[in-house]
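Listed below are the residues making up each chain.
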Amino acid sequence: MSVANPYLGKDLIGLEPLTAEQIRAILDTAEPFKEISERPIKKVPVLRGKTIVNLFFEPSTRTRISFEFAEKRLSADTVNVASAGSSVQKGETLVDTARNLEAMRIDMVVIRHSASGAAQFLADRIASNVINAGDGRHEHPTQALLDMLTIRDHFGRIEGVKVCIVGDILHSRVARSNIWGLKKLGAEVAVCGPRTLLPPGIHEFGVHVFRRVEEAIEWADVLNVLRLQLERMQAGFIPSLREYNRIFGITRERVERAPRDLLILHPGPMNRGVEIDSDVADGPHSVILNQVTNGVAVRMAVLYLLAGGAPEKAEAAKQGGGSE
Amino acid sequence: MNPRPILLRGGRVIDPSQGIDDVRDVLLAEGAVVGIGREIAPPEGTEVLDVSGFVVAPGFIDLHVHLREPGGEHKETIATGARAAAAGGFAAVCAMPNTDPPIDDPASVGFVAAEGARVGAARVYPVGAVSVGLEGKRLTEIGEMVDAGAVAITDDGRPVWDAGLMRLALEYAQTFDIPVASHCEELALSRGGSMNEGIVSARLGLVGIPNAAEDVMIARDLMLAELTGGRLHVQHVSTRRGVEMIRAAKERGIAVTAEATPHHFTLTDEAVDQYRTDAKMNPPLRSAEDRDAVRQGVADGTLDVIATDHAPHHYDEKEQAFDEAPFGIVGLETAIGLTVTQLVETGVIDLRRMVERMSCAPARAFNLPGGTLRVGAPADVTVFDPAEEWVVDPNRFLSKSRNTPFAGWKLRGRAVYTIVGGRIIWKGRG
């Protein structure tokens, strides 16, 4: 059974409650773990004997696989539970699911759920460590951490870097986690998107708000381009995907007009030709695949720290020590 | 009926209906107030209760409760709700019709009235639905429901969305001189929302319900009340603009009354932090500015009535992700404590106004007997101790449900006796 560790507390629910030091500790811990994925034998015994459940109530490919690789490369025993075909679909409540997992004496739960607050809900009710892999519109902390690691890789720092998040901020947990995390580490943060897709009260987050993407590009060092979910058009938030691409799409023409070299991030999966054009996604400014690589390292770092590992011992642990 | 007369001796009698605020004795017999004065000599066989140090007021009336029966008996029943009301100092409650099936015909109105009478705790006045099945399509048999005991009509829980139907209801109800109580919510603006729209909802990633969802409907209903001359009762006002519009409408002479709930004059949307489903209700907890406007509305009488919107839900239903949990909190057993602590002790209103808002004004708004201790009036009395300190412990509620955001709060003010028709239905520490 797990206990709160001295570095992060029991759970990772979001970046809003973390301090800058805690966020830096995760990013620093991720550095030594990057190398594991470059080895021919991608496995270290850091979490040997730990059991982890990946509880995905919402479909996910990238995040689920990334967590699973992180867990397996650290030698944890993992079980995947997807909502389809599980007791969840038979009407079992979240609280009962949690209690049943608890009764099986697991160490950690990675949860993805469509309801904001679901990860907190679970964390409040079980003793195991809980990692939020995305809850509704609330937070997706590991995504923001991997975005930040990718930005830091490029600029060597986060402080002072100007990051604009473009697109559907309203429905985006990625946007919220990025805003909290980046601001805590001293970045300047802006958002840009149609007013219908910005949350009311967004100015109170301490971010710049750009109405037009051209203005955002003029200002930014980094664009983090969010996926536009097709349901948003059906729900009437935007009139058409075509118009969205015309007004807010990140096109090569727009990127080339930028006063400085832009770094382009996208949390995926992309709608090519909607929020981002292929020649940008596949072009020289894009670090979209670096993000994916960093995702595994960041998740390893989070797992290691929540299991009680110390940031300064990560390098040694990875050589075969196990975690504490 | 109590076998014996009751003399309430030495209490501070506050009866705004007669302009009384003084130490008096009150004698109750045969289900009615028979005397009020100094040093009344008790007739033989009278039960004499020393209530010195307490406030003796006309019985409190809660115009807005959900008793959940029929259909939601796992949350509350008429019996448990009426007893919870008595424990909270309420001599009477008005039961909302959004049960399953809804109270939308004379037979179901009669059931609620009969069950309330059978239980013999707080009086239970049925409120009938405006529209058949609460579907907002056609009017219920309002006249027959009134004959069966309905004291008002409402589709509470949802608005009467069709303005034309609301107009008809405000017109037709005039025949029976009953108010139309309105849950003001523009669904096209609130749909999918689970809390107030603002910085807290943005932070928590929850869909917000803007003030405008309530305000546009209040505006519409005030205009329809003016158009028709009907009696409008605006339920659970939560917004600053709502208070302002009702104030202006009253100045124009429109026949409107309005409610404030203890939770809306106490809490803000910050209470939702950590996804606390016990702070989820509709209308939602708003900003501090709105909360202060509701307090001001209670102070100046724009909001005539303090009503709880007692909305019990089972533990399991609230033990869910925030989006999925139902709206509503219980309120009957914390209303006096919250009103004294939040409004009286802070100087927003005095005890006389508190009695006015919780007894006299509700009686007038729905034309109910009571709301006065005049000789000859029903012997419905609330005796409360405005100084008693207590800690809210939901496990001790008589309500079947425990969904309150006030668990653990230290409050001042609590019912000592609740008397209905000359019968003591609740005795507190006494």
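Source: prediction; values computed, not measured. (Residues numbered from 1 in each chain as written. Chains lettered and ligands numbered in written order. Predicted model: local features only at pLDDT ≥ 70, side-chain atom pairs only at ≥ 80, totals over all residues. Heavy atoms only, no water.)

S.K.: Please clarify how the overall build of chain A should be interpreted in this entry.
M.R.: Each helix and strand in chain A was counted, giving 13 helices and nine strands. For a compact globule of 324 residues, the expected C-alpha radius of gyration is about 20 Å, and chain A comes in at 19 Å, within 12% of that figure. Expressed along its principal axes, the backbone C-alpha trace of chain A runs to roughly 55 × 45 × 35 Å. Looking at chain A as a whole, 60% of its 324 residues qualify as buried. Excluding contacts between residues fewer than 6 apart, the proportion of contacts in chain A whose partners are at least 24 apart in sequence is 74%. Total accessible area on chain A stands at roughly 12900 Å², and carbon and sulfur atoms take up 51% of it. Here chain A contributes 40 positively and 40 negatively charged side chains, and the mean placements of these two sets differ by 2 Å. (Helix = DSSP H or I, 4+ residues; strand = E, 2+ residues; numbered from the N terminus. Rg over C-alpha atoms; globule rule 2.2 N^0.38 Å. Buried < 20%, exposed > 50% of the residue type's maximum accessible area, 1.4 Å probe, protein only. Contact = heavy atoms within 4.5 Å. Areas by Shrake-Rupley, 256 points an atom, 1.4 Å probe, with all protein chains shown as cover. Lys, Arg positive; Asp, Glu negative; His and termini not counted. Charge placed at Lys NZ, Arg CZ, Asp CG, Glu CD.)

S.K.: Can you walk me through the packing of aromatic side chains in this structure?
M.R.: Note on aromatic pairs: each is described by the distance of the centres and the angle between the planes. Evaluated as defined, the whole model comprises eight aromatic pairs over all chains. When the ring of Phe-210 of chain A is compared with that of Trp-219 of chain A, the centres are 5.5 Å apart and the planes differ by 55°; the resulting orientation is tilted. Side by side, Phe-210 of chain A and Trp-219 of chain A carry an identical accessibility label, which is buried. Feature note: the residues Phe-60, Phe-90 and Phe-384 of chain B constitute an aromatic cluster, connected by ring pairs. For Arg-73 of chain A, the ring lying beneath its charged end belongs to Phe-69 of chain A, and the centroid distance is 4.6 Å. Note that Arg-299 of chain A overlies the ring of Phe-67 of chain A, its terminal NZ or CZ placed 4.9 Å from the centroid. (Phe/Tyr/Trp six-rings, centres within 6.5 Å; stacked < 30°, edge-to-face > 60°. Lys NZ or Arg CZ within 6 Å of the ring centre and 35° of its normal.)

S.K.: Hey, could you run me through the packing of helix H12 (residues 335–344) of chain B against helix H13 (residues 351–365) of chain B in this one?
M.R.: Geometry of a packed helix pair, given as the angle between the helix axes and the separation of the axes. Residue and element names in this part refer to chain B. The contact between H12 and H13 brings their axes to 11 Å, and the two run at 140°. Put simply, H12 runs oblique to H13. The crossing of H12 and H13 is right-handed. Residues Ala-335, Ile-336, Thr-339, Val-340 and Val-344 of H12 lie in contact with H13, whose contacting residues are Leu-351, Met-354 and Met-358. Residues that form the contact of H12 with H13 fall into these classes: seven nonpolar, one polar and no charged. (Axes fitted to C-alpha atoms, helices over the stretch in contact; angles between N-to-C directions. Parallel < 35°, antiparallel > 145°, perpendicular 65-115°, else oblique. Left-handed = near helix turned anticlockwise from the far one by under 90°. Nonpolar A, V, L, I, M, F, W, Y, C, P; charged D, E, K, R; others polar.)

S.K.: I would appreciate a short explanation of helix H2 (residues 62–73) of chain A in the present structure.
M.R.: Because the α-helix completes a turn every 3.6 residues, residues three or four places apart line up on one side. All names here are of chain A. The terminal C-alpha atoms of H2, which comprises twelve residues, lie 16 Å apart, in line with the 16 Å expected from a rise of 1.5 Å per residue. Within H2, the full set of buried residues consists of Thr-63, Ser-66, Phe-67, Glu-68, Ala-70, Glu-71 and Arg-73. Looking at the buried positions of H2, the neighbouring elements they touch are strand S1 (51–56), strand S2 (77–82), strand S3 (108–113), strand S4 (129–135), helix H5 (141–155) and helix H12 (288–306). Count one or two residues on from H2 and you reach Ser-75, which has phi positive near 70°. (Expected span 1.5 Å × (residues − 1).)

S.K.: What am I meant to see in the sheet that holds strand S10 (residues 180–182) of chain B here?
M.R.: The strands making up a sheet associate through backbone hydrogen bonding, with each pair oriented either parallel or antiparallel. Residues and elements named next belong to chain B. Read across the sheet, five strands follow the order S9-S10-S13-S14-S15 without closing on themselves; strand pairing throughout is parallel. Across the chains shown, the open sheet's two edge strands, defined by having one partner strand only, are strand S9 (153–154) and strand S15 (305–306). Sheet topology places strand S14 (residues 256–260) next to S15; two bridges connect them, and they run parallel. Considered in S15, the bridge of Glu-259 is made with Val-305. Packing of helix H4 (residues 163–172) onto the sheet brings it into contact with S9, S10 and strand S13 (232–234), and relative to S10 it is tilted by some 145°. (Pairing = 2+ DSSP bridges.)

S.K.: Can you walk me through the interface of chain B and chain A in this structure?
M.R.: As a measure of interface size, the accessible area lost when the parts come together is often cited. At the junction of the two partners, chain B supplies 18 residues and chain A supplies 20 residues. In terms of surface lost to chain A, no three residues of chain B exceed Arg-203, Tyr-275 and Glu-319 of chain B, which account for 34% of the buried area on that side. The closest approach of N and O atoms between Arg-125 of chain A and Glu-319 of chain B, which form a salt bridge, is 2.6 Å. Remark: the boundary between chain B and chain A carries five residue pairs in polar contact (both at pLDDT 80 or more). For the side of chain B that touches chain A, the per-class residue count stands at nine nonpolar, four polar and five charged. (Buried area = accessible area lost by both parts, 1.4 Å probe. Salt bridge = Lys/Arg side-chain N within 4 Å of Asp/Glu carboxyl O. Polar contact = N/O pair within 3.5 Å; in protein donor to acceptor, adjacent residues only side chain to side chain.)

S.K.: So what exactly am I meant to see when it comes to the sheet that holds strand S6 (residues 188–192) of chain A here?
M.R.: Residues and elements named next belong to chain A. Spatially, five strands are ordered S7-S6-S5-S8-S9 in an open sheet, and the strand pairing comes out parallel. What marks the edges here is a single partner per strand, and that holds for strand S7 (208–210) and strand S9 (263–265). Strand-to-strand twist across the sheet, computed as the mean angle between neighbouring axes with direction ignored, equals 25°. Looking at chain direction, strand S5 (residues 162–166) and S6 are connected through five bridges and run parallel. What sits directly across from Val-163, in S6, is Val-189. H5 rests against S5, strand S8 (222–225) and S9 of the sheet, and its axis sits at about 165° to S9.

S.K.: How do you make sense of the environment of Ala-225 of chain B when you look at a structure like this?
M.R.: Residue and element names in this part refer to chain B. Residue placement: Ala-225 occurs in helix H7 (residues 211–228). With 58 residues separating them in the primary sequence, Ala-225 and Arg-167 have C-alpha atoms 7.8 Å apart. Beyond its immediate stretch of four places on either side in the chain, Ala-225 contacts Leu-170, Gly-230, Leu-232 and Ile-254.

S.K.: I keep staring at the nonpolar core and nothing clicks. Help me out?
M.R.: Side chains of nonpolar character tend, in soluble globular proteins, to be buried together. Among the nonpolar cores identified, the biggest contains 75 residues, and Phe-60, Ile-153, Val-234, Ile-246, Leu-303, Met-354 and Phe-384 of chain B are the most heavily contacted of them. The residues contacting Ile-246 of chain B, other than those within four sequence positions of it, are Ile-218, Leu-222, Val-234, Val-237, Val-256, Ala-258, Thr-302 and Leu-303 of chain B. Of all hydrophobic cores here, the second largest spans 67 residues; its members include Ile-36, Val-161, Val-174 and Leu-265 of chain A. (Core = buried A, V, L, I, M, F, W, Y, C linked by side-chain atoms within 4.5 Å.)

None of this, on its own, says anything about what the molecule does.
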